[in-house]
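Listed below are the residues making up each chain.
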Amino acid sequence: MTPQIPNYEIKRVLGEGGMAVVYLANNIKFGTNVALKLLKKEFIHNSNIRARFIAEARNMFRMSHPQIIKVTDLIDEGDTVAFVMEYIEGETLKDYLDSKGKLNEEEIGGLLEQMLSALEYAHEQGLVHRDIKPSNFMVNPQSRLKLLDFGIAKQTNTASA
């Protein structure tokens, strides 16, 4: 069953994790594609999971970096908890690596530089991602990376924000 979210038209599932489903959606107000991460119904009334999900959205919202996915909205209304992110046309780094096979040194260096830039920025913001893996990066057709999924990130006491 396709969820109904005010102001968003759900198009299809982009991915699914243990606690949430990510959908491609259309922002009806602006006519743009977005990624909408929706907390699964079985976790809506679990106050710890709900709070962690909302914290993820808020942590991501306050970050502004070209290699980190941007959160633009939080929906926390009754039995609906979701957040809206920019939609990245592309594939996960895992899929990219699987399809490309061996990369040359220049490609490796370019991707690694972007990954490290995202992580450095997150650390400057007082966040440790704790789930760095190829499936948590998106790669667009121009080989630009975006780090996603701060679901198990840990806030540190060294936040400079």
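Structure first, text after, so check above.
Below or above, wherever it landed, is the structure these notes cover.

The rules we used
As a convention, each chain's residues are numbered from 1 in the sequence order in which they are written. The predicted origin of the model limits local features to residues at a pLDDT of at least 70 and limits the giving and counting of side-chain atom pairs to 80 or more, whereas totals for whole chains, interfaces and linings rest on all residues. Hydrogens and water are ignored here; the side-chain numbers use all heavy atoms of the structure. Note on pairing: two strands pair once DSSP finds at least 2 bridges between them. Put simply, DSSP H or I for four residues or longer makes a helix, DSSP E for two residues or longer makes a strand, and each gets a number counted from the N terminus. In this analysis, two residues are considered to be in contact whenever any of their non-hydrogen atoms come within 4.5 Å of each other. Axis definition: a line fitted to C-alpha atoms, over the contacting stretch in the case of helices. Angles run 0 to 180 degrees between N-to-C directions. Should an angle fall under 35 degrees it is taken as roughly parallel, and over 145 as roughly antiparallel, whereas 65 to 115 is taken as roughly perpendicular and any remaining angle as oblique. Throughout, the ten residues Ala, Val, Leu, Ile, Met, Phe, Trp, Tyr, Cys and Pro are labelled nonpolar, Asp, Glu, Lys and Arg are labelled charged, and all others, Gly among them, are labelled polar. Working definition: a ring pair exists when centres of Phe, Tyr or Trp rings (six-membered ring for Trp) sit within 6.5 Å. Plane angles under 30 degrees give stacked, over 60 give edge-to-face, the rest tilted. The rule is short: NZ of Lys or CZ of Arg within 6 Å of the ring centre and within 35 degrees of the ring normal puts a charge over the ring. Only buried residues count toward a nonpolar core, which is a set of Ala, Val, Leu, Ile, Met, Phe, Trp, Tyr and Cys residues joined through side-chain atoms within 4.5 Å. When accessible area is computed with a 1.4 Å probe and restricted to protein chains, residues below 20% of their type maximum are described as buried, those above 50% as exposed, and intermediate ones as partly exposed.

1. Considering the sheet that holds strand 9 (residues 145–147)
Strand-to-strand pairing in sheets goes through backbone hydrogen bonds, with the strands running parallel or antiparallel.
Part 1: The strand order across the open sheet built from three strands is 6-8-9, with neighbouring strands paired in antiparallel fashion. This sheet does not close on itself; its edge strands, each paired only once, are strand 6 (91–92) and strand 9.
Part 2: Against the sheet, helix 3 (residues 105–124) touches strand 8 (137–139) and strand 9, its axis set at about 30° to strand 9.

2. Focus on the packing of helix 2 (residues 93–100) against helix 3
Part 1: Packing of helix 2 against helix 3 brings their axes to within 14 Å, and their N-to-C directions diverge by 175°. Put simply, helix 2 runs roughly antiparallel to helix 3. Contact residues: L93, Y96 and K100 in helix 2; E107, L111 and M115 in helix 3.
Part 2: Residue classes in the contact of helix 2 with helix 3 are distributed as four nonpolar, no polar and two charged.

3. Here's the deal with the packing of aromatic side chains
Part 1: For the structure shown, the criterion picks out one aromatic pair.
Part 2: Note on F53 and F83: the rings are 5.1 Å apart at their centroids and 45° apart in plane angle, and the pair reads as tilted. Highlighted residues: F53 in helix 1 (residues 47–61) and F83 in strand 5 (residues 80–86), separated in sequence by 30 residues.
Part 3: For K70, the ring lying beneath its charged end belongs to F61, and the centroid distance is 5.1 Å.

4. With respect to the nonpolar core
Soluble globular proteins tend to pack their nonpolar side chains together in the buried interior.
Part 1: Judged by nonpolar contacts, the single largest core of 35 residues is most densely connected at M60, M63, L93 and F150.
Part 2: Every element with two or more residues in this core is listed here: strand 3 (32–39), helix 1, strand 5, helix 2, helix 3, strand 8 and strand 9.
Part 3: Per-element accounting of this core gives the leading share, six residues, to helix 3.
Part 4: When sequence neighbours within four positions are dropped, the list of residues in contact with F150 reads E56, M60, M63, I68, A122, L127 and H129.
Part 5: Formed by 12 residues, the second largest nonpolar core is a distinct cluster that contains Y8, V34, I75 and V84.

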